[in-house]
Amino acid sequence: MSKKLLLFLFEFGFLLKFKFIGELSVSEVFLLLVSFSLFSNSGFLSKKSFREVSYCYFFLVLAQVIASSFHPNNLLSNDLKGIAISIVSFLHVLFLYRNCEGDYRLLGYAFAGYGTNLMVEWLFNGQAVEDEFSQLTFLKFTFVPALGGWSMLWLLYSRFSSRIKSLTYVFLGGLFVTLGTRSFGSFFFLPGAFSLLIANNKSLRDYRVVLPIMLIVGYSFYCLYTYLVLNGEITSGNTFQTLNVINPYNPVNLLITGRTEIFAQWIAFTQKPLWGWGSWPDDPNMYFHRLIITFKNLESGVVLDNEDSIPNHSIIVGSGMTHGIFALIAMFSIFVLIMKRSFRSLYAKPNLVLPLLFVTVDFFWNMWFSPPSSFRYNIPVDIVLVLLIFNETYKREI
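Quick caveat: nothing in here was measured; it's all calculated off a predicted structure.

Enquirer: What is the right way to look at the overall build of the protein chain in this model?
Expert: A tally of regular secondary structure across the protein chain gives 16 helices and two strands. For a compact globule of 398 residues, the expected C-alpha radius of gyration is about 21 Å, and the protein chain comes in at 21 Å, within 12% of that figure. Its C-alpha atoms put the protein chain at 60 × 60 × 45 Å along the principal axes. Scored against the burial criterion, the 398 residues of the protein chain give a buried share of 53%. Split by element, the accessible area of the protein chain, about 18900 Å² in all, is 64% carbon and sulfur. When the 29 basic and 24 acidic side-chain charges of the protein chain are each reduced to a single mean position, those positions are 14 Å apart.

Below, the structure is given as structure tokens:
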């Protein structure tokens, strides 16, 4: 019971923040205080899967430290914050791995702590949910992600059949998408649909079979959503993006409209590919912000703040933009390693397929389309669950 409470409070503690160089939470201070004890026993390195992740983290931090010495025009404090995110992310992974290695289900309490963190943060901010926009914001960025955290505790401990769990996720996903939470609703619907299809059919779990199925089902779901938007069946959320896209049935066009910052980041990376710009660098003459406005085809009357930094809304692309090609290779290696471990773990027990797919979709999305802060907060929880399910699968393969 004490370990369950510790994991819950640890994730919840990321809510309690104070100013120190950048922004520091109680849980991050706790991680720094216990870091020596985390490394005191090197037994965790005996697991090949975790050892490989550790090496990737090491090379990521090393690449960031070396690149930072080539950023004379960037504030040292900004580069230190960027390096600190990677260090805290690894300590976060190590702490969860060390405490949950004996029982992967314990990680459910960490997910529940994260979900409670989101809800309490919203309550502390005192934001009213009155008009349609504030309701959608609450649903999309607070309630649905929080429910995702709480539902992981249910998935890992509930004795309901895997079929019932999958059907529940399909229903919730469809409901959330119709309410306007396009991407977050997909986090429920797609894992639920895939797990319903493959959980009890071992012949379909080979990644060479799963990947085409995921692409076909995912694109079919996207086409259905687009059709309903174009016919006025779904009107909430960011449906205006779909309505304004030249070819709405091409998801790349929608991606360019909805995640324009990533393309601006990539252009920034190509301009300084070796060592990058540094963490939170100034946008010279607001060039990249103007580029985003051009991509989005917005009105020229948009007012720009000349003190803004270069947009950074992708962990993977951002690693290259801030610290160059070697950091990008290290970050992409972490991504590829975890995705490979996830696909190899599809042979897990049927009740683990849904939670595995859920965190895999979450991990994939956040690594490509979330800001750097996600790398120290929710990405570590996803990484550890994939590694623990991988260990459980090949310890007792079915």
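Enquirer: Teacher, can you tell me more about helix H7 (residues 162–178) here?
Expert: For an α-helix, the turn length of 3.6 residues means that residues three or four places apart are oriented alike. For H7, with 17 residues, the first-to-last C-alpha span of 25 Å sits near the 24 Å given by 1.5 Å per residue. Regarding H7, the residues found buried are Ser162, Lys165, Ser166, Tyr169, Leu172, Gly173, Phe176 and Val177. For H7, the buried positions fall inside an angular range of 130 degrees around the axis, keeping them on one side. Positive phi appears at Gly180, one or two residues downstream of H7, with a value of about 115 degrees.

Enquirer: Quick question: what am I supposed to make of the pattern of salt bridges here?
Expert: One side chain can pair with another of opposite charge once the charged atoms of both are near each other. Summed over the entire model, instances satisfying the criterion amount to four salt bridges. Between Glu28 and Arg376 there is a salt bridge, and its shortest N-O distance comes to 2.7 Å. A residue pair is termed long-range when its members are at least 10 positions apart, and Glu28 in helix H2 (residues 26–39) and Arg376 in the loop between helix H15 (350–369) and helix H16 (379–395) qualify at 348 residues. Exposure class is identical for Glu28 and Arg376. Each is buried. Salt-bridge contacts for Glu52 lead to Arg341; the nearest nitrogen and oxygen are separated by 2.3 Å. Here Glu52, found in helix H3 (residues 48–68), pairs with Arg341, found in helix H14 (residues 315–344); they are 289 residues apart in sequence, far enough to count as distant. Judged by its relative accessible area of 7%, Arg341 falls in the buried class.

Enquirer: Explanation requested: a nonpolar patch on the surface in the structure shown.
Expert: Together, Tyr55, Phe58, Phe59, Leu62, Ile66 and Phe70 give the surface a local cluster of nonpolar side chains, amounting to about 610 Å² of exposed area. Phe59 sits in the partly exposed class, given a relative accessible area of 47%.

Enquirer: When you look at the packing of aromatic side chains in this model, what are you seeing that I'm missing?
Expert: Each pair of aromatic rings is reported with the distance of its centres and the angle of its planes. Applying the stated criterion across every chain yields a total of 34 aromatic pairs. Their ring planes at 35 degrees and their centres at 6.3 Å tell us that Phe50 and Phe90 sit as a pair that is tilted. Residue Phe50 is found in helix H3, and its partner Phe90 is found in helix H4 (residues 76–100); the two are separated by 40 residues along the sequence. Both residues of the pair, Phe50 and Phe90, count as buried. A connected cluster of aromatic rings, assembled from ring pairs, spans Phe10, Phe14, Phe30, Phe95 and Tyr377. Here the basic side chain of Lys272 rests over the ring of Trp277, its NZ or CZ set 4.1 Å away from the ring centre. A cation over an aromatic ring shows up here: Arg341 above the ring of Phe390, its NZ or CZ 4.8 Å from the ring centre.

Enquirer: Even after reading the chapter, I still don't get the packing of H7 against H15, so can you show me in this structure?
Expert: Axes are the key here: two packed helices are described by the angle between their axes and the distance separating the axes. The N-to-C vectors of H7 and H15 enclose an angle of 25 degrees; their axes lie 8 Å apart at closest approach. In terms of orientation, H7 lies roughly parallel with respect to H15. Two secondary-structure elements touch here, H7 through Ser162, Lys165, Ser166 and Tyr169 and H15 through Pro350, Asn351, Leu354 and Phe358. Residues that form the contact of H7 with H15 fall into these classes: four nonpolar, three polar and one charged.

Enquirer: How do you make sense of the side chain of His71 when you look at a structure like this?
Expert: With respect to the helices and strands, the residue His71 is situated in the loop between H3 and H4. Among the polar contacts listed, one links the side chain of His71 to the side chain of Asp79, at a separation of 3.1 Å. Discounting chain neighbours no more than four positions away, the residues touching His71 are Asp79, Trp275, Gly276, Trp277, Gly278, Thr322 and His323.

Enquirer: It is not clear to me how unusual backbone geometry should be interpreted in this structure. Could you clarify?
Expert: Negative phi characterises most residues that are not glycine, and trans characterises most peptide bonds. With a phi close to 50 degrees, Trp280 is a non-glycine residue in the positive phi region. Mapped onto the elements, Trp280 comes out in the loop between helix H12 (260–271) and helix H13 (287–296). Looking at Trp280, the relative accessible area reads 37%, which means it is partly exposed. One non-glycine residue, Met286, lies in positive phi territory at about 55 degrees. Inspection of the secondary structure puts Met286 in the loop between H12 and H13.

Enquirer: I keep staring at the nonpolar core and nothing clicks. Help me out?
Expert: Across soluble globular proteins, nonpolar side chains have a tendency to be buried as a group. Core analysis: the biggest nonpolar cluster contains 94 residues, and Leu96, Leu107, Met367, Phe375 and Ile383 have the highest contact counts within it. No other element matches the 13 residues that H14 contributes to this core. Those residues in contact with Ile383 that sit more than four places away from it in its chain are Tyr57, Val93, Ile334, Ile338 and Phe363. Counting residues in hydrophobic clusters, the runner-up holds five residues, among them Leu118, Met119, Trp122 and Phe138.

Cut-offs applied
- Residues numbered from 1 in each chain as written.
- Predicted model: local features only at pLDDT ≥ 70, side-chain atom pairs only at ≥ 80, totals over all residues.
- Heavy atoms only, no water.
- Helix = DSSP H or I, 4+ residues; strand = E, 2+ residues; numbered from the N terminus.
- Rg over C-alpha atoms; globule rule 2.2 N^0.38 Å.
- Buried < 20%, exposed > 50% of the residue type's maximum accessible area, 1.4 Å probe, protein only.
- Areas by Shrake-Rupley, 256 points an atom, 1.4 Å probe, with all protein chains shown as cover.
- Lys, Arg positive; Asp, Glu negative; His and termini not counted.
- Charge placed at Lys NZ, Arg CZ, Asp CG, Glu CD.
- Expected span 1.5 Å × (residues − 1).
- Arc of directions from axis to C-beta.
- Salt bridge = Lys/Arg side-chain N within 4 Å of Asp/Glu carboxyl O.
- Patch = residues over 30% accessible without salt bridge, like charges linked within 9 Å, V, L, I, M, F, W, Y side chains within 5 Å.
- Phe/Tyr/Trp six-rings, centres within 6.5 Å; stacked < 30°, edge-to-face > 60°.
- Lys NZ or Arg CZ within 6 Å of the ring centre and 35° of its normal.
- Axes fitted to C-alpha atoms, helices over the stretch in contact; angles between N-to-C directions.
- Parallel < 35°, antiparallel > 145°, perpendicular 65-115°, else oblique.
- Contact = heavy atoms within 4.5 Å.
- Nonpolar A, V, L, I, M, F, W, Y, C, P; charged D, E, K, R; others polar.
- Polar contact = N/O pair within 3.5 Å; in protein donor to acceptor, adjacent residues only side chain to side chain.
- Core = buried A, V, L, I, M, F, W, Y, C linked by side-chain atoms within 4.5 Å.

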